[in-house]
Amino acid sequence: MYDYLIVGAGLFGSVCAHELNKKGKKVLVIEKRDHIAGNAYTENNDGIQVHKYGAHIFHTNDKKIWDYVNSFVEFNRFTNSPLANYEGVLYNLPFNMNTFYKLWGVKTPQEAMNIINDQRKELGDKEPDNLEEKAISLVGRDIYEKLIKGYTEKQWGRKATDLPAFIINRLPVRMTYDNNYFSDRYQGIPIGGYTKMVAAMLEGIDVMLNVDFLKDKTKYSQLANKIIYTGPVDEYFKYCFGKLEYRSLQFETEVLQEENYQGNAVINYTEANIPYTRIIEHKHFDPVNCSHTVVTKEFPAEWKKGDEPYYPINDTKNMDLFKKYKLLANEEKGIIFGGRLAEYKYYDMHQVIASALYAVESEGLV
Ligand code: UDP
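Parameters and conventions
Residues numbered from 1 in each chain as written. Predicted model: local features only at pLDDT ≥ 70, side-chain atom pairs only at ≥ 80, totals over all residues. Heavy atoms only, no water. UniProt positions renumbered as here; feature names shortened; annotations may be inferred. Phe/Tyr/Trp six-rings, centres within 6.5 Å; stacked < 30°, edge-to-face > 60°. Lys NZ or Arg CZ within 6 Å of the ring centre and 35° of its normal. Helix = DSSP H or I, 4+ residues; strand = E, 2+ residues; numbered from the N terminus. Buried < 20%, exposed > 50% of the residue type's maximum accessible area, 1.4 Å probe, protein only. Contact = heavy atoms within 4.5 Å. Pairing = 2+ DSSP bridges. Near = heavy atom within 4 Å. Polar contact = N/O pair within 3.5 Å; in protein donor to acceptor, adjacent residues only side chain to side chain. Areas by Shrake-Rupley, 256 points an atom, 1.4 Å probe, with all protein chains shown as cover. Nonpolar A, V, L, I, M, F, W, Y, C, P; charged D, E, K, R; others polar. Salt bridge = Lys/Arg side-chain N within 4 Å of Asp/Glu carboxyl O. Axes fitted to C-alpha atoms, helices over the stretch in contact; angles between N-to-C directions. Parallel < 35°, antiparallel > 145°, perpendicular 65-115°, else oblique.

The name recorded for the chain in an unreviewed UniProt entry is UDP-galactopyranose mutase, from Scandinavium lactucae. The UniProt entry for the chain carries the following comment under Sequence similarities (unreviewed entry): "Belongs to the UDP-galactopyranose/dTDP-fucopyranose mutase family." Its UniProt record, at the heading Cofactor (unreviewed entry), says of the chain: "FAD".

A.B. asks: How do you make sense of the packing of aromatic side chains when you look at a structure like this?
C.D. replies: The way to describe two aromatic rings as a pair is by their centre distance and the angle between their planes. Throughout the structure, instances matching the rule amount to 26 aromatic pairs. The ring of Tyr2 has Lys26 lying over it, and the distance from NZ or CZ to the ring centre is 4.3 Å. One cation-aromatic arrangement involves Arg170 over Tyr346; the distance from NZ or CZ to the ring centre is 4.0 Å.

A.B. asks: How do you make sense of the side chain of Arg174 when you look at a structure like this?
C.D. replies: Summarising the element assignment, Arg174 is placed in the loop between helix H6 (141-156) and strand S8 (186-188). For Arg174, a relative accessible area of 11% corresponds to the buried category. In this view, Arg174 contacts Pro94, Phe95, Asn96, Met97, Phe100, Asn179, Asn180, Tyr181, Phe182 and Ser183; residues no more than four positions away in its chain are not counted.

A.B. asks: Where do I start with the pairing of strand S11 (residues 246-256) in this structure?
C.D. replies: Of the pairings in the sheet, the one linking S11 to strand S15 (residues 311-312) comprises 2 bridges and is antiparallel in character. Within S15, the position partnered with Tyr246 by the bridge is Pro312. As paired strands, S11 and strand S14 (residues 293-302) are joined by 10 bridges and run antiparallel to one another. Opposite Phe251, over in S14, you have Glu298 as the bridge partner.

A.B. asks: Before we go on, may I ask you to explain the site of the ligand in this structure?
C.D. replies: Close contacts around the ligand come from 17 residues, with Thr152, Arg170, Tyr181, Tyr311 and Tyr346 the closest. Between the ligand and Leu147, the relevant distance is 2.8 Å, taken from a nitrogen atom to a main-chain nitrogen or oxygen of the residue. In the environment of the ligand, an oxygen atom lies 2.7 Å from a nitrogen or oxygen atom belonging to the side chain of Thr152. Burial of the ligand by the protein amounts to 93% of the accessible area it has alone, namely 530 Å². It is H6 that provides the largest number of residues to the shell around the ligand, a total of 6 residues. Looking at the shell around the ligand, its residues break down into 11 nonpolar, 4 polar and 2 charged.

A.B. asks: How should I be thinking about the pattern of salt bridges in this particular structure?
C.D. replies: Once their charged atoms are close, side chains differing in charge can pair, the charge on each being opposite to the other. A full pass over the atoms with the stated rule returns 22 salt bridges. In this structure, the salt-bridge partner of Glu363 is Lys226, at a minimum N-O distance of 3.0 Å. With a gap of 137 residues between them, Glu363 in the segment after helix H11 (349-361) and Lys226 in strand S10 (residues 224-229) connect regions that are remote in the sequence. Between Arg247 and Glu302 there is a salt bridge, with its nearest N and O atoms 2.6 Å apart. With a gap of 55 residues between them, Arg247 in strand S11 and Glu302 in strand S14 connect regions that are remote in the sequence. Where salt bridges share partners, they join Arg158, Glu245, Arg247, Glu302 and Lys317 into one cluster.

A.B. asks: Before we go on, may I ask you to explain the packing of helix H4 (residues 109-120) against helix H5 (residues 131-139) in this structure?
C.D. replies: When two helices pack together, their arrangement is given by the angle between the helix axes and the distance between those axes. Between H4 and H5, the least distance of the axes is 7 Å, while the angle of their chain directions is 145 degrees. Of H5, the residues touching H4 (which contributes Ile116, Gln119 and Arg120) are Ile136, Ser137, Leu138 and Val139.

A.B. asks: Sorry, what's going on with the packing of helix H2 (residues 63-70) against H11 here?
C.D. replies: Following both chains from N to C, one finds H2 and H11 inclined at 95 degrees, their axes separated by 10 Å at the closest point. Relative to H11, the element H2 is oriented roughly perpendicular. In contact with Ile65, Tyr68 and Val69 of H2, H11 contributes His350, Ile353, Ala354 and Leu357. For the contact of H2 with H11, a count of residues per class yields 6 nonpolar, 1 polar and no charged.

A.B. asks: Would you explain the environment of Lys146 in this entry?
C.D. replies: The residue Lys146 is located in helix H6 in this model. Lys146 sits in the partly exposed class, given a relative accessible area of 28%. Placed 53 residues apart in sequence, Lys146 and Leu93 show a C-alpha to C-alpha distance of 12 Å. Contact partners of Lys146, with chain neighbours within four places excluded, come to Tyr86, Tyr91, Leu103 and Thr270.

A.B. asks: Would you explain the sheet that holds strand S7 (residues 89-92) in this entry?
C.D. replies: Strands in a sheet are paired, the pairing made by backbone hydrogen bonds, and the direction either parallel or antiparallel. Read across the sheet, 7 strands follow the order S7-S6-S12-S13-S14-S11-S15 without closing on themselves; strand pairing throughout is mixed. Looking at the sheet topology across the chains shown, the edges are occupied by S7 and S15. The sheet strands contacting H6 are strand S6 (83-86), S7, S11, strand S12 (266-269), strand S13 (278-281), S14 and S15, and the helix crosses S6 at an angle near 90 degrees.

A.B. asks: When you look at H5 in this model, what are you seeing that I'm missing?
C.D. replies: The α-helix advances 3.6 residues per turn, and as a result positions three or four apart in sequence lie on the same side. Most of H5 is tucked away: 7 of the 9 residues are buried. All buried positions along H5 are accounted for by Leu131, Glu132, Glu133, Ala135, Ile136, Ser137 and Val139. Check the buried side of H5 and you find it contacts helix H3 (97-104), H4 and H6. One or two positions beyond H5, positive phi appears at Gly140, with a value near 85 degrees.

A.B. asks: It is not clear to me how the environment of Asn268 should be interpreted in this structure. Could you clarify?
C.D. replies: Tracing the chain through its elements places Asn268 in strand S12. Judged by relative accessible area, which is 7%, Asn268 ranks as buried. C-alpha separation for the pair Asn268 and Met208, spaced 60 residues apart in sequence, amounts to 37 Å. Discounting chain neighbours no more than four positions away, the residues touching Asn268 are Leu83, Ala84, Asn85, Leu93, Tyr151, Thr277 and Arg278.

The structure is reproduced here in structure tokens:
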């Protein structure tokens, strides 16, 4: 008999497991996949840590969270500076003075602001209420057309005018020559991979892989007094109100017998007629000296049952549906719903960890 059964060995589940174990609770983690670490999972390919479910770059402003992850594994000083390829021309991301110089030849922040302010005028006094309007209000139409529209519409499979504005707030706009994608104080990649970090969290804890909780909920529920469930909330309730929508991803990974394929970890392809959104070259996240390289093209796709759900589509329709599931979840006794899939939330890793720490804290254990 366990005190806690944790369903899912991703970041939410693993942090909860670690914290509860630390407090002397007896914990069992069950995981549907054949590995731990959820979508942050990295796999060693002859020395290169391959991000199997897409690029994961850790960043946070919270020193407590930074110290927490560093207590499990050492982080390197990786800084994400992606490039955008639009019709064969490379632009720096996030949108900053390098981008503006390349686009318009402007050299000062004032010159750049003048162009952006001029392009913003098309919105008049209207408060932006979708992603397209928000993007134009932030950077103007030129950048929207070249670096945002194509990427966003293939990423989400929806028109930018039908998408929530908050998605684009993830990208900073900078009036400096700073290509650092994230504005957070701390950033890096765990040396040796995320799997190593999660394995350290789960050290000394019972973990069963290839176990699907929902296949026999009653049987597994009897193993513990309390459950932490990190899978999809709608699947838990047998899709009784219908399915929540997700964007899924397909990956095409190649091992190339060359040392350096693209010279950068991430290059985005922002035009609509290239079917993938980005090419990741894994060795640049956690540099190694080797004669081969591994690259992955990322193709977005609509999620259907049986695919991996990646990005929740947090539009009004889906959020209304989620609220109904949330009410059911609140009524379930002895079970905590947490993490990206159970909370239907576009979470970054540091946010998931903070949320898991909070969930355990809320248990009020001494
Ligand atoms: N985005 C864009 N052009 C880019 C990169 C991002 O328009 O070259 C937009 C797009 O709408 C995307 C959002 O910014 O969904 C957030 O991008 P981010 O890189 O944060 O997404 P993630 O890494 O989570 O896939």
